[in-house]
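Single-letter residue listing:
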Amino acid sequence: MLSTPLGRLAAFCSRNAILVTLLAVLVGIGAVTATRTWLNVTTDTGGLFSSKLPWKQRQEQFQKDFPQGEDQLVAVVQGDIPEEAQATASQLAEALRADPAHYKLVRTPDQVPYLEKNGLLFLDAKPLGDLLEKTIDAQPFLGQLATDPSARGLFGALSLIGQGVARGQANLTSFAASLDGFADNLSAAAAGHPAPLSWQRLISGKLSELGGHYQFVVTQPRLDYGSFQPGGAATAVMKHAISQLEFVKTGRAHVYLTGQVALDDEEFATVAQGMVAGLIGSLVLVSLWLILAVRTWRVIVPIIITLVLGLLLTTGFAAVAVGTLNLISVAFAVLFVGIAVDFGIQFSVRFRAQSLPDGSRPDVQTALSMTGRETGVQILIASLATAAGFLAFTPTAFVGVAQLGLIAGFGMLIAFGCTLTILPALLTLCRPKPLAGEMGFAWARPIDDAIRRRRVPILAGFAVLAIGGLFCIPLLHFDGDPLHTKNPKSESMQTLHLLMADPVTSPYSAEILTPDIATARALVPKLEALPLVHDVLYLDSFVPTDQPEKLEMIQDAAQILLPTLVVPSPLPPPDAAAIRASAVSTVAALAPVVSHLAATDPLARIETALRTLSTAPDATLLAADAALTRFLPMQLDQLRTVLTVTSPAVEADIPQQIRENYLLPNGQAHMEVHPRGALNDNAVLHDFVRQVRSVWPDAAGAAVTIVDSADTIVRAFAIAAISALVAIAVILLVFLRKLTHVALVLAPLVLSALLTVILVVLIPEPLNFANIIALPLLLGVGVSFNIYFVMNWRRGLARPLGSPTARAVLFSALTTGTAFGSLAASHHPGTASMGRLLLLSLACTLISTMIFEPALLPERRRDP
């Protein structure tokens, strides 16, 4: 029906090759102009799902209500001692606040005056009592330091300890860890390697780590969504600022970047890196397959030019129809090249295989007309079926893939048009020489006969495999965690893994918005009773409990400690001579004591270090003074602050910096539910969300978004797969007009899908956000191969594997596999998993087409 018009179209383009080529150049220029004018790319992941989805609406409402929690670039500071981490975080925050051009918001959530002032009240009564008792025991020592916050004062305080031990008046058991700290730092200073001393650890002990091991600088950078790395400029500014920080330069502090901005930027950079390498490898291998398939550059060049023109036209269509590509739809180019090259190979191989009834070779124009009549309908059906596979995505709620489906679907129709118009014109201009010999696989004809003889056992074997595939379907595992598709070696992911150990900093939290604070209070015991909930953070969490008892304990300690800690006029900093004299005096005070101690005893080590320091150069003494007492004044100030608390902290005292994160102006209360356990395990993550929703069905947050977005994607792809299969069946029925012939095309397609399921389960290769696109996509790819075989069988072909069609199918599979499979070498786990699954699916498709299909086709008269 359409064979003759398509043959005439190919002949017309051949006769008017120069005109057609010029028109193609003009259309290509128009497409490039449209692309440059209207096409943009956004890296904003917020638009990948339909805003009509209930979970998406809740997520967007949270983002609107709490904008300070979105688009964050977070610096995680780790220091050798807590004070160094705090100082580094403060210095970094100060530097970033001075750059409003790149940063909208800069915060240090660990350095809030309200929390610092009421720090003791947030401790439980037992550890608070132990801490205060230990601090009171150290009163003489602290009093000496408050009067003289220098190495001179420190050495003097150590002298007092020595005197107390000598008189039997000092029990140092509770101060063993602190004395060890002094000994370590004094020994390093005496050796010429002074290091800052952590007074916070010396005074607070293990309680100093209750706030975590890291300090955070939380920022909201100004993002450029027109760039492939929207936060790139702000990240560069932050990294430069970090490189200038004092303790970073000395190697005593390290700053790691994470947050959604860093994760997204690093992911795109990794994907782009993999795509560039994959593209180069693909071009080399595709060129090799084309040489083996058509054997001459006079055919290869027209195929490549046709492919490039089709890609330009598809890109122009994307510019007009979509305007702005997202991180998923930008992949249409790779998909177009991998599939559209099949059309060019099919046409070109058949073109070179044409012969006249007398066995002679026709001229180029006649051969092109014959090829158009023979293959035009086949390529048309293949393009329509492939387009249906892509367009099946468009009605789904997964907007990112729906956009990709629209572009790639129309791209297949564009590829068909180019193959039947531009390719014949270019082949005419390049005038490939007549082929000496046949284009089919002569060596494969015995295989055709063997498959025909063993048809029943082959079909039975594949039937068993198909049944096995059906049983494997329930075993398919979808990994809905987007973090698992990111590069685990990137800085932001390595940093995130450091934070996962602490439930409070885990990225897998749930969020609840209640009508008022009273409702939130009622929910807390229900949520905390859930097995997978570690704690619940809301506004009341920032008001200490049991305050009357704790205040009494603090005030009792303050009456003893403050008189010695509050010194109106501390002594001025000492010079080297004063420090040396103090060291000599302390050595003399400790000598009678250490003679009875082991060399490893802290006091003995202190005495040895002081003896060395007493004879050291002035520069060494001054450096030791600076290191030992660098953070002493700050810690003494903090101790005075927490001891001056006299009244309970109430909700009204909570600063706006904290309040705005947990209470909206309309009274709605925000709750953060932190998980217990390893939520990077999908089963645990789903259980956590299920438990939270049993208490509050409208929960939101990262954990909920991961679960709901995964469900949305699975539903979208299931709908797309079913829709694609139905659409393909309808297209085939229209053209083939017999249900049995439609079944001959679809059966290998279904079999290849079931074989893929078996491999995915056995390897295993979990489905994820990145690679699940391979499944419906290959419905369109696989049906093309089967169409070629079935339509040639309808024309009387009895040996499909020995035909030019088999050659074209094999090399089409190789070129498509090269385009897709090169992704498997990507450094990006998601891209690599996509490449692996595409290779597996394509291999199963090729097995179904080259073995199952020939066995399935009813026997025909032997072709000559």
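Here goes a summary of the coordinates provided. The shown structure was predicted, so the numbers you read here are calculated from the model rather than taken from an experiment.

**Some points on the sheet that holds strand β8 (residues 510-514)**
Here is step 1 of the chain: Spatially, the three strands line up as an open sheet ordered β8-β10-β9, and their pairing is antiparallel. Pairing within the sheet leaves two strands with one partner each, and these edge strands are β8 and β9 (533-537). Looking at each pair of strands side by side, their axes are set apart by 25 degrees on average, direction ignored.
Here is step 2 of the chain: Pairing between β9 and strand β10 (residues 669-675): four bridges, direction antiparallel. Bridging from a neighbouring strand, Val-536 pairs with Val-673 of β10.
Here is step 3 of the chain: Sheet strands touched by helix α28 (residues 682-695): β8, β9 and β10. Its angle to β10, the strand with the most contacts, is close to 145 degrees.

**With respect to the packing of helix α15 (residues 332-353) against helix α16 (residues 364-391)**
Here is step 1 of the chain: Viewed as axis vectors pointing N to C, α15 and α16 meet at an angle of 155 degrees, and their least axial separation amounts to 8 Å. Classified by the interaxial angle, the pair formed by α15 and α16 is roughly antiparallel. By crossing handedness, the relation of α15 to α16 is classed as right-handed.
Here is step 2 of the chain: Here the residues of the contact of α15 with α16 are counted per class, giving 11 nonpolar, seven polar and two charged.

**Examining the packing of aromatic side chains**
Here is step 1 of the chain: Summed over the entire model, instances satisfying the criterion amount to 11 aromatic pairs.
Here is step 2 of the chain: Ring centres 5.5 Å apart and planes at 65 degrees place the aromatic pair Phe-182 and Trp-199 in the edge-to-face group. With Phe-182 in helix α9 (residues 176-190) and Trp-199 in helix α10 (residues 199-204), this pair connects stretches of sequence that are 17 residues apart. Trp-199 shares its class with Phe-182; the two are buried.
Here is step 3 of the chain: When the ring of Phe-247 is compared with that of Phe-631, the centres are 6.1 Å apart and the planes differ by 40 degrees; the resulting orientation is tilted. One end of the pair, Phe-247, is in helix α12 (residues 246-249); the other, Phe-631, is in the loop between α25 (618-629) and α26 (632-643), with 384 residues separating them in the sequence. Across the pair, exposure class does not vary: Phe-247 and Phe-631 are buried alike.

**A few points about empty space enclosed by the protein**
Here is step 1 of the chain: A complete count under the given rule lists five cavities of 30 Å³ or more for this structure.
Here is step 2 of the chain: Taken as a whole, the second largest cavity encloses approximately 80 Å³ of empty space.
Here is step 3 of the chain: Lining of the second largest cavity is provided by Ile-303, Thr-306, Leu-307, Gly-310, Phe-336, Ala-340, Val-341, Gly-344, Ala-415, Cys-418 and Thr-419.
Here is step 4 of the chain: Elements with a contribution of two residues or more to the lining of the second largest cavity: α14 (297-321), α15 and α17 (399-430).

What counts, and where the lines are drawn
- Residues numbered from 1 in each chain as written.
- Predicted model: local features only at pLDDT ≥ 70, side-chain atom pairs only at ≥ 80, totals over all residues.
- Heavy atoms only, no water.
- Pairing = 2+ DSSP bridges.
- Helix = DSSP H or I, 4+ residues; strand = E, 2+ residues; numbered from the N terminus.
- Axes fitted to C-alpha atoms, helices over the stretch in contact; angles between N-to-C directions.
- Contact = heavy atoms within 4.5 Å.
- Parallel < 35°, antiparallel > 145°, perpendicular 65-115°, else oblique.
- Left-handed = near helix turned anticlockwise from the far one by under 90°.
- Nonpolar A, V, L, I, M, F, W, Y, C, P; charged D, E, K, R; others polar.
- Phe/Tyr/Trp six-rings, centres within 6.5 Å; stacked < 30°, edge-to-face > 60°.
- Buried < 20%, exposed > 50% of the residue type's maximum accessible area, 1.4 Å probe, protein only.
- 1 Å grid on protein atoms, 1.4 Å probe; cavity = no way out; pocket = protein on both sides within 12 Å on 5 of 7 lines; lining within 4 Å.
- Points joined across faces, edges and corners; volume = space filled by probe spheres on them.

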